[in-house]
Amino acid sequence: RTDRRLCTEANYTGSAEGFGLLVDADQGLVLTDRHSVPQSLGDVEVTLAGMATVDAEVLFVHPLHNLAIVRCDTEAFKALRKAKVPLLSASLAKGQKASLRGGEGVHFVGYDNQGNTFSVPVNVAAVYLPSGRDEFPLWDVPRFRERNLEIVVLADTPEDARGGVLCDSSGTVRALFAAFDMQDNERQETTEAYGIAANVFGPLVEAVRLQPDAPLEVCSLDAELTAIDVATLARGANGLLPKAWLQAIGQRCGRQGQMPRALRVHRMMPTGVSEGRLCSGDVLLSIGGRPITCSMDLECALADWLRARRSSTASRNGGRKRSQSRAGGRAWGTGAGRRGAGRSSAGRGSTGRGKTGRSRSKDIAGSASAGIDGGGGGGDGGGGSGGADELSIRVFRDGAEVEVAVQPAILGSDEDARIMLWAGLVLRRTPRVMLERCGQAVAQVLLSQPGRGVLVQHVLGGSPADTRELVAHCFLLEVDGQPVRE
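Residues numbered from 1 in each chain as written. Predicted model: local features only at pLDDT ≥ 70, side-chain atom pairs only at ≥ 80, totals over all residues. Heavy atoms only, no water.

Turning to empty space enclosed by the protein, a few remarks are in order. Within this structure, the stated rule accounts for three cavities of 30 Å³ or more. In this structure, the largest cavity spans a volume of roughly 130 Å³. Lining the largest cavity are 13 residues; nearest its centre among them are Arg-34, Asn-66, Arg-143, Phe-144 and Asp-181. Counted as a void, the second largest cavity has a volume near 80 Å³. Lining the second largest cavity we find 13 residues, and of these Pro-130, Glu-135, Arg-147, Asn-148 and Glu-224 sit closest to its centre. Classifying every residue of the lining of the second largest cavity by side-chain character gives five nonpolar, three polar and five charged. (1 Å grid on protein atoms, 1.4 Å probe; cavity = no way out; pocket = protein on both sides within 12 Å on 5 of 7 lines; lining within 4 Å. Points joined across faces, edges and corners; volume = space filled by probe spheres on them. Nonpolar A, V, L, I, M, F, W, Y, C, P; charged D, E, K, R; others polar.)

Moving on to the environment of Val-23. For Val-23, the position within the fold is in strand β1 (residues 21–24). Sequence separation between Val-23 and Val-205 is 182 residues, and the spatial gap between their C-alpha atoms is 7.3 Å. Discounting chain neighbours no more than four positions away, the residues touching Val-23 are Leu-29, Val-30, Leu-31, Ser-89, Ala-90, Val-205 and Arg-209. (Helix = DSSP H or I, 4+ residues; strand = E, 2+ residues; numbered from the N terminus. Contact = heavy atoms within 4.5 Å.)

Moving on, we get to unusual backbone geometry. Most peptide bonds adopt trans geometry, and most residues besides glycine take a negative phi value. Phi is positive for Asn-148, which is not a glycine, with a value near 55 degrees. Residue position: Asn-148 is located in the loop between β7 (117–128) and β8 (151–154). Of note in this structure, Ala-423 is not a glycine but carries a positive phi near 55 degrees. Note on placement: Ala-423 falls in the loop between β20 (420–422) and β21 (425–429).

Right, let's get into the layout of surface pockets. There is about 1,400 Å³ of room inside the second largest pocket. Residue lining of the second largest pocket: 45 residues in total, with Gly-18, Phe-19, Gly-20, Thr-47 and Tyr-111 positioned closest to the centre. For the lining of the second largest pocket, the elements supplying multiple residues, two or more each, are β1, β2 (29–32), β3 (44–48), β6 (105–112) and β9 (161–167). Top contributing element to the lining of the second largest pocket by residue count: β3, with five residues. Its residues placed into classes, the lining of the second largest pocket shows 23 nonpolar, 17 polar and five charged.

It is characteristic of soluble globular proteins that their nonpolar side chains tend to be buried jointly. If you look at the biggest cluster of nonpolar residues, it comprises 62 residues, and the most contacted ones within it are Leu-176, Phe-180, Phe-201, Ile-287 and Ile-393. Among all residues touching Ile-287, those that are not within four sequence positions of it are Leu-221, Ile-292, Leu-298, Ala-301, Leu-391, Ser-392 and Ile-393. One finds Val-46, Ala-52, Val-58 and Phe-77 within the second-largest nonpolar core, a separate group that totals 19 residues. (Core = buried A, V, L, I, M, F, W, Y, C linked by side-chain atoms within 4.5 Å. Buried < 20%, exposed > 50% of the residue type's maximum accessible area, 1.4 Å probe, protein only.)

Turning our eyes to something else, we now look at the sheet that holds β20. The four strands are arranged β20-β21-β22-β23 in an open sheet whose pairing can be described as antiparallel. Two strands lie at the open edges of the sheet, namely β20 and β23 (475–476), each paired on one side alone. Two strands pair when backbone bridges link them, and β20 and β21 are joined in this way by three bridges, in the antiparallel orientation. By the bridge assignment, Met-420 is partnered in β21 with Leu-427. (Pairing = 2+ DSSP bridges.)

What follows is about the side chain of Asp-33. One can find Asp-33 in the loop between β2 and β3. With no salt bridge to any partner, buried Asp-33 finds its closest opposite charge in Arg-34, at an N-O distance of 8.7 Å. Polar contacts involving the side chain of Asp-33 include one to the main-chain amide nitrogen of His-35, which spans 3.2 Å. Leaving out residues up to four positions away in the same chain, Asp-33 has contacts with Asn-66, Leu-67, Ala-68, Ala-178 and Ala-179. (Lys, Arg positive; Asp, Glu negative; His and termini not counted. Salt bridge = Lys/Arg side-chain N within 4 Å of Asp/Glu carboxyl O. Polar contact = N/O pair within 3.5 Å; in protein donor to acceptor, adjacent residues only side chain to side chain.)

Attention shifts here to a negative patch on the surface. Side chains of Asp-43, Asp-55, Asp-73 and Glu-75 sit close together on the surface and give a patch of like negative charge. Note that Asp-43 resides in the loop between β2 and β3. Owing to a relative accessible area of 52%, Asp-43 belongs among the exposed residues under this scheme. (Patch = residues over 30% accessible without salt bridge, like charges linked within 9 Å, V, L, I, M, F, W, Y side chains within 5 Å. Areas by Shrake-Rupley, 256 points an atom, 1.4 Å probe, with all protein chains shown as cover. Charge placed at Lys NZ, Arg CZ, Asp CG, Glu CD.)

Here five strands make up an open sheet; going across it, the order is β1-β2-β5-β4-β3 and the pairing antiparallel. Bordering the open sheet on either side are β1 and β3, each of which pairs with just one other strand. If you compare each strand with its neighbour and ignore which way they point, the axes differ by 45 degrees on average. Inspection of the sheet shows β2 paired to strand β5 (residues 68–72) by four bridges, in the antiparallel sense. Within β5, the residue paired with Thr-32 across the bridge is Ala-68. Sitting on the sheet, helix α1 (residues 74–82) is in contact with β1, β3, β4 (52–61) and β5, with an inclination near 130 degrees to β4. (Axes fitted to C-alpha atoms, helices over the stretch in contact; angles between N-to-C directions.)

Written out as structure tokens, the structure reads:
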């Protein structure tokens, strides 16, 4: 529940209800969707097995996907465990079982609209990346919108299902059946339920289990992708598509029971890390030596890059500490070394678009487990011509293979911990979704402000600001001639 004046991502009522999955019974961690937990500012309550209700705090709101993690109040949760309330951690599928394919039979376990639990056998109709007319539509207002996610669609979705999981006969969770908020053709807010496979949220849950107090981070190329049939793509490629990549696409789509499809860049965020590097219409071939055949390949490649970057940073920091000890207490971490160890949330890397030309087949057909160490990038970034923190991306553009280097953006929890009310203006830091909606000129002005500027989220009716013809979703740049920095 949230005060209606302070709603940033929640609906206009300021409250939402949904389904969650207890993923760690020892720490009280619950996985849910952004419909149930749209923002961190507000009160969160979790009802466990219909027997007890406890307060909770928002631990992580995924900036790219319809996922969120909350943590139940520690003392209250311990009291429930002491009272022997039957609370068990969910068992999440791993490996090949962590994904689903069309035609598979699973069990839906969840709640109906009256809050009753039920289970029913269901069949998976398709697993696909919504593209073209099927993509999640843009909101009229700045709200989170799902993208770059292959959703699970059921052939026989239970009519009164409010939310739940898709599991096998042993109870292992293979997908979260989540509620997606969207805007329909009549510009009315609506909610549809789709499955999110366990291979999407499994690594995230594992990370927070191992280090519950460490900040969670994910990587992004600041680009929205769409699916395109390989048959359509090949028709205009004049036989120039890499044969090894086509073979990888065919094998993967064959296992999933899908028509062969590739990923193509649809649009990019203004001033994002891929601007000037990737272009609309680019077809992704490989990232860091990993063939890209689906959205999950992209996420795995970015996760590999982030792990390698952290490992390399830790190694450099350890080396500096040893040097400091040998030097008798001399200061370390200054100059270029410190800049190399710093973390950037939207780094751009060096200029230049990389080399152009066709690659050898073995560059595309590299092992999926090779990660990002395939091209002599120093262990911290991908191969190719980029810097140490850049990731090598090979695309098919204008009938040729092109290699570009991009430093992915590192994103934390998508939330606002601070909102200010002044003269009837509800002010907040400019959110990422706003940058995705505005044009290049506006984005440049906002990024020139420390902290990305200040957004007017709401204008309260009858307030002084309301009488000055100020409107919501504008940007506050100056007050009495003084720049507003944050």
